[in-house]
Amino acid sequence: MTHTHSAVTDVLDFVTQQLPFSTLPASCAHFFVNHAKVVYITSLNQAELLSSEQKYLYLVRSGVFDLVDNSGEVVTRLGEGDYFGYPSLLTGEDIQNHLEVQTGGLIFLLPQEDFDFLRREYPAFEQHFVRAHKKRLLSSHYKERGRGWSERKISTLMCRTAVTIEPKASVVEAAKTMHKAGVSSVIITENGQLSGIVTDRDLRNRVLAAELDPHVSVTKVMTRDPKFIFENNRAFAALHLMLKHNIHHLPVLNEERMPLGMVTSTDLLRQQKHDPVQLIGQIYKANSHQEVVHLAKEIPALLRGFSNTVEDISFIGTLLSGLTDAMTSRLTELFIKQQGEPPCRFCWICFGSQAREEQTLHSDQDNGLIVSNSILPHQRAYFAKLGEFVTGHLISCGIKACPGGIMASNELCRGTVDEWLMRFDQWCHTPTPQAMLNSKIFFDRRFIFGDQFLYQALNAQLNNMQKQDIFFAAMATDISANSVPMGLFQQFKLQRDKRKHGYLDLKTRGVAIVNDLARIYALKCGVAKANTQARLEALKAFSILSKEDIYNLQDCWRFLTQLRFKIQIEDLDLPPNCINPEHLSSLERHQLKEAFHLIKQAQQACVFKFARGSL
Amino acid sequence: MRWLLPSFMRKEREPLWLESELVVVDLELTGLDPNQHEIVSVAWVEINRGQVALQSAQYRLNKGVKDLEQSPIYHGISEPEIEEKGECLVQILTALASALNTKTLVCHNAFLDWGFLQKHFIQYDISVQPKCIIDTLKLEKKRLLRAQEAVRQEQLTLPACRARYGLPTYQNHNALSDALATAELLLAQVGHLDTQKSIKLRNLV
């Protein structure tokens, strides 16, 4: 007689209903139930019961728990049927997050060795947790933040010495005190305690405008019992108070409610200086091209401090493209200021990564000028000079020259609407390899600055242009000429540099293929967007690709882009956009292989769809 | 009812909850009187250092039960099932005794279960020395009486107690389900005591 099957039916029923067990053989859930332990976690006992010596897979049976990262931010809320602890089991790294108990409850614990057993026995079990981890990484990694300014304590931002006067002082004395200290407000104290505040504005509105005798007591014009903030509060709280009550000065008090100083809205604004969105604003206001170049120098450092605070990595691409747009626009305006008004209508367009809003720190320039069809021959010189001026200064700003010469300084990248149309027409009808290369760049385009009607005219006519099957076939063939760096048996195929370092090129052999695939389908369906994610999103409305294929491509793109930014910011000793797989964790390697695998499949499907006839 | 600690125990350092080994037992009976009614099945599960080890779950049917049909509580156990899977009560109790020795016994309403067990342990001359006995029903009653004047009997049933801690509702009411349900209830009761570090077994008895 054996008693090994004394599994508690209720527990087994519960586990069997949870993913991934619901899709796996019953023996898998049986194994879980026969090896799991049950604990009841409350905020009081979690320290004792969840010690990190032994690693477990945790499955929540009841209760509510928040998973919180090192910076105190909630990664996710866990309830019945949710797992945690698997990232550490998969990567072998220490547990990064900790639990905050909202409502105590039961949790199943599966020891590491039993988790490993299930991983070995059931590939789908492993895949479930690898995917869950990938999702967690994507959603949480870019939530991590360094110390944002809004989290800083008031004591580090405020003006150090409190400028105070007694209630018996007159308005004139108050004004003199402010003038002497060079501040815009003064605190009125009674027995050392805050009793009121007078600001510049009060002197104007309540004294001068009201024609009040300035020798009256300051208590007549002060704001009694003003809003205040404690030195240990965060900057965010101060900002919130100011916005809520539309005030610009907040006295800062210590625990004993003694005034320590003043924090003003200007102090807070100064803290936001290192905000990239702010930088775009500053670029638009720059007074000289030197100033534009000077501001652009802040970008790499800024990005370094910023990369981890963006929820979605693609935002960085958008941001860099936005910065480049701002520089291009401002430089053009400065040129016009210097050289006079343009002789005819014109606009700036950009191509490639800038158009896709996927720019990185290594991206080079891809831009051009559209001018009015009515341009006269002698007027072209103006635009040649404009192209020269702007692209030249963009190089000084750190945006490299395009090796292929796709810049407005090149005559072939300036032209009237009709001239541009002729170029596109030629690429579509005589698909030479060079034409294909051009298509890749020029079919990703976006308006930057100038006369928007010119851009719209070009776009409208391009969309009407008949694109023939031979064009798509050539494009698909071109896409398939590029391959993901995977060899037989799921091994990475490494490229080698002069010093024999093996590396993988994530851009040309990964991200670029996804971009190419999104482009060809978008062109086929007439999706007028340049951004790869936006294109894929829009393609969901068409039947050309299945939803699952689209989700896979989006996931791959995000994962590769994220890896790519990570290495750029870490500044490893490798060519741009390249990665040494040995520097990755085993999980990242695993995910990278899966991403490459999915891309390869999508590539093959694309060739099948478009190039069947010609191959 | 008094469950006295064996005298030699008192000299030792007081055992802490988190260092203790406990066995949670539940019986299915044909009635409430140990002298008249029979044990239908015995189930137990162990708690070590605050963790219920599902692996230790045991569920045993008594082959010798005579009066199954007259049981006032329907257990969902059929005679053929007992025929097929059942074993002698003496075997079952010997296994339980070896699991239980030197450990702490936990029951929901220990008066009933321990009464039956004791009777049969004596009958089969099985020596068993549980360290002490914890009754989750009494624990809950004590806790409720601290907050309110009187406690009604229906507030102390196993499902009612579990509901108070937000524990899941169990569908199956066999001895094994109830043993685990009792074990989880004890964890929850302990989890909600104020002082965690130094909870001693004595606080629970």
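Owing to the predicted nature of the structure, the values given are computational and were not obtained by experimental measurement.

## Some points on the overall build of chain A
- Along its length, chain A carries 24 helices and 21 strands.
- Within chain A, the fraction of its 615 residues that count as buried is 39%.
- Pairs at least 24 apart in sequence give 71% of the contacts found in chain A among residues at least 6 apart.

## Observations concerning the UniProt feature "domain: Cyclic nucleotide-binding" (unreviewed entry) in chain A
- The feature "domain: Cyclic nucleotide-binding" (unreviewed entry), as annotated in UniProt, sits at residues 57-92 of chain A in this numbering.
- Helix makes up 17% of residues 57-92 of chain A and strand 44%, whereas the separation of the span's terminal C-alpha atoms amounts to 13 Å.

## Observations regarding helix H16 (residues 380-396) of chain A
Residues and elements named next belong to chain A.
- Taking 1.5 Å of rise per residue, 17 residues should cover 24 Å, and H16 covers 25 Å from first to last C-alpha, within 8% of that figure.
- For H16, the complete set of buried residues consists of Tyr 382, Phe 383, Leu 386, Gly 387, Val 390, Thr 391, His 393 and Leu 394. Summarising the axial view, the buried residues of H16 lie within an arc of 165°, below the 170-degree limit, and thus occupy one face.
- In the stretch just after H16, Gly 398 is the one whose phi turns positive, near 105°.

## Quick notes on the packing of helix H17 (residues 417-429) of chain A against helix H19 (residues 452-464) of chain A
Residues and elements named next belong to chain A.
- H19 packs onto H17 with a crossing angle of 30° between their chain directions and a minimal axis gap of 10 Å. Crossing geometry of H17 relative to H19 is assigned as right-handed. Where H17 abuts H19, its residues Val 417, Trp 420, Leu 421 and Phe 424 lie against Leu 454, Ala 457, Leu 458, Gln 461 and Leu 462.
- Looking at the contact of H17 with H19, its residues break down into eight nonpolar, one polar and no charged.

## Considering the interface of chain B and chain A
- Contacts between chain B and chain A engage 26 residues on the former and 29 residues on the latter.
- Looking at the side of chain B that touches chain A, the elements with two or more residues in it are strand E3 (51-61) and helix H6 (175-191) of chain B.
- Classifying every residue of the side of chain B that touches chain A gives 13 nonpolar, eleven polar and two charged.
- In this structure, strand E1 (residues 37-41) of chain A lies alongside E3(B), joined through two bridges in antiparallel fashion. Within the sheet, the bridge partner assigned to Lys37(A) lies in E3(B) and is Ala53(B).

## Focus on the sheet that holds strand E15 (residues 346-351) of chain A
All names here are of chain A.
- The strand order across the open sheet built from four strands is E17-E16-E15-E18, with neighbouring strands paired in mixed fashion. Edge positions in the sheet fall to strand E17 (414-416) and strand E18 (445-450), since each has one partner strand and no second. Each strand of the sheet is rotated relative to its neighbour by a mean of 30°, with strand direction disregarded.
- Inspection of the sheet shows strand E16 (residues 367-371) paired to E17 by three bridges, in the parallel sense. Note that in E17 the partner of Ile 370 across the bridge is Gly 415.
- Set on the sheet, H16 makes contact with E15, E16 and E17; between it and E16 the angle comes to about 160°.

## Here we look at the sheet that holds strand E21 (residues 578-579) of chain A
Residues and elements named next belong to chain A.
- Read across the open sheet, the three strands follow the order E19-E20-E21; overall the sheet is antiparallel. Each end of this open sheet is capped by a strand with a single partner; those strands are strand E19 (495-496) and E21.
- Bridge count between E19 and strand E20 (residues 502-505): two bridges; the pairing is antiparallel. Within E20, the residue paired with Gln 495 across the bridge is Tyr 503.

## So, unusual backbone geometry
- Of note, the bond from Leu19(A) into Pro20(A) is cis; its omega dihedral lies within 30 degrees of zero at -5°.
- Relative to the elements of secondary structure, Pro20(A) occurs in the loop between helix H1 (9-17) and helix H2 (26-35).
- Positive phi is not limited to glycine here, since Asp225(A) has a value of about 45°.
- Positionally, Asp225(A) belongs in the loop between strand E11 (223-224) and strand E12 (229-230).
- Even without glycine at this site, Asp125(B) takes up a positive phi of about 55°.
- Structurally, the position occupied by Asp125(B) is in the loop between helix H3 (110-123) and strand E5 (133-135).

Conventions and cut-offs
All residue numbers refer to positions counted from 1 along the written sequence of the respective chain. Whichever chain is written first is A, and whichever ligand is written first is 1; the rest continue in order. Totals for whole chains, interfaces and linings use all residues, but because this is a predicted model, local features are given only for residues with pLDDT of at least 70 and pairs of side-chain atoms are given and counted only at 80 or more. Here a helix means four or more residues in a row that DSSP labels H or I, a strand means two or more in a row labelled E, and each is numbered from the N terminus. Burial in this document is a count-based property: other C-beta atoms within 10 Å of a residue's C-beta are tallied, and the residue is buried at 20 or more, exposed at 12 or fewer, or partly exposed in between, with C-beta positions derived from the backbone. Contact criterion: two residues are in contact if their C-beta atoms, reconstructed from the backbone, are within 7 Å. UniProt positions are given in the numbering used here, feature names are shortened, and annotations may be inferred rather than shown by experiment. By this rule, a helix spans an expected 1.5 Å times one less than how many residues it contains. Working definition: the arc comes from the directions between the helix axis and the C-beta atoms, pointing outward to the latter. What counts as an axis is a line fitted to C-alpha atoms, over the stretch in contact for a helix, and the angles between N-to-C directions run from 0 to 180 degrees. By definition, turning the near helix anticlockwise from the far helix through less than a right angle yields a left-handed crossing, and turning it clockwise yields a right-handed one. Polarity classes work like this: nonpolar for Ala, Val, Leu, Ile, Met, Phe, Trp, Tyr, Cys and Pro, charged for Asp, Glu, Lys and Arg, and polar for all others, with Gly in that last group. By this definition, two strands are paired if DSSP reports at least two bridges between them.

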